[in-house]
Each structure stands twice: as C-alpha cells, then as structure tokens.
Amino acid sequence: MEMHGEERIVAPRQVVWEALNDPDVLRECIPGCQDLEKTSDNEMAATVKIKIGPVSAKFAGEVTLENINAPESYTISGEGKGGIAGFAKGGADVKLADEGAETLLTYDVKAQVGGKLAQLGSRLIDSTSKKLAGQFFARFNEIVSERAAKA
C-alpha cells in the first residue's frame, strides 16, 4: 500500500520539526496509541490498539527515525506485531518546506500487513490506512498550530 499527502501547518518549520520528534506529541496524534517511549535518540517503542474491519489487535513495535536532515526531512519506519492478527510494517518519508509563515508537510507512505489482517483484502486495508493517516496528520496539525499560536 502506498499513500501520498500534504498538510499546511500554521507554524514555523522549526516548531513543526520539534513536534515531529516529540514522543508526547506523536502519542497524542497516533490513532489508538496506548504508549510511546523514546528508547534512544532515533528509536521509540510503541503500543497501538486498532480495529480494521472485524479484526481488533494490539500491536507492539519499534519506530526508527532515519535519513535525518534537520529541520527539513526524515524517514520514519516501524514494525509491529499483533499476535494472531498478524503484523504491520512500513515507513514514511516526511518533508518540511517553508511557505511564508506556514510550513508545508508532505509525506509518502509505504506499508504492508500480513497474517489475518492481510486476509481482509486490500480495499479495506487501504481505506482504513488512509483514514488513520488522515486522523494522525489532522490531529498533528491541530496540536502544532495551537502551540505556535500560544508562542
């Protein structure tokens, strides 16, 4: 599965960059995130509970930040195991560009699933993935824009 998108955020690029690297912000934005802890400068451990169609699963996994070019871009990748439900893994290339007083965040996501989740069919997985990504970026935009307005 592949997805592409962009968000225009009413905040300076440095503020957006800092939020992209803040586990507290990411925890608030990731749908179903129950726990997200920084384990090193470029790694985090996560627990996420999601429902895709009839399958509900709790995933435990690792998130890694790579190809870091602060404050312009990075690649975030991760893999989670959901027991009998299967696994999910993937990554996103995230880029930030100044647009006047705003920041344009663009993303290219690649993901794959296996196990019971893969049996649900690509349409359901694609639509659910797009919905979850949309929720993440909308919430991220909201939090970062509020922070910038207060500053």
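Only a predicted model underlies this, so the values are computations on that prediction, with no experimental measurement involved.

*Asks:* Can you help me understand the layout of surface pockets in this one?
*Replies:* Unoccupied space between atoms shows up once a probe the size of one water molecule is rolled over them. Of the pockets and cavities examined, the largest pocket occupies roughly 1,200 Å³. As for the largest pocket, its lining consists of 44 residues, and the residues nearest its centre are I30, A88, G90, V109 and A111. Of all the secondary structure elements, the ones that give two or more residues to the lining of the largest pocket are β3 (43-52), β4 (55-69), β5 (73-81), β6 (87-99), β7 (102-114) and α3 (122-150). Examining the composition of the lining of the largest pocket, we find that eight residues originate from one element, α3, more than from any other.

*Asks:* Explanation requested: helix α1 (residues 13-20) in the structure shown.
*Replies:* Since the α-helix advances by 3.6 residues per turn, residues separated by three or four positions end up pointing in the same direction. Looking only at α1, the buried set comprises R13, V16, W17, A19 and L20. One face of α1 carries all of its buried residues, which in axial projection span an arc of 165 degrees.

*Asks:* Honestly, the packing of aromatic side chains in this entry has me stumped. Any pointers?
*Replies:* Two measures describe an aromatic ring pair: the distance that separates the ring centres and the angle between the ring planes. Considering all chains together, one arrives at four aromatic pairs under this definition. Grouped by ring-pair contacts, the aromatic residues Y107, F136, F137 and F140 constitute a single cluster.

Thresholds applied
- Residues numbered from 1 in each chain as written.
- Predicted model: local features only at pLDDT ≥ 70, side-chain atom pairs only at ≥ 80, totals over all residues.
- Heavy atoms only, no water.
- 1 Å grid on protein atoms, 1.4 Å probe; cavity = no way out; pocket = protein on both sides within 12 Å on 5 of 7 lines; lining within 4 Å.
- Points joined across faces, edges and corners; volume = space filled by probe spheres on them.
- Helix = DSSP H or I, 4+ residues; strand = E, 2+ residues; numbered from the N terminus.
- Buried < 20%, exposed > 50% of the residue type's maximum accessible area, 1.4 Å probe, protein only.
- Arc of directions from axis to C-beta.
- Phe/Tyr/Trp six-rings, centres within 6.5 Å; stacked < 30°, edge-to-face > 60°.

Note that all results are geometric; they support no functional claim without further evidence.
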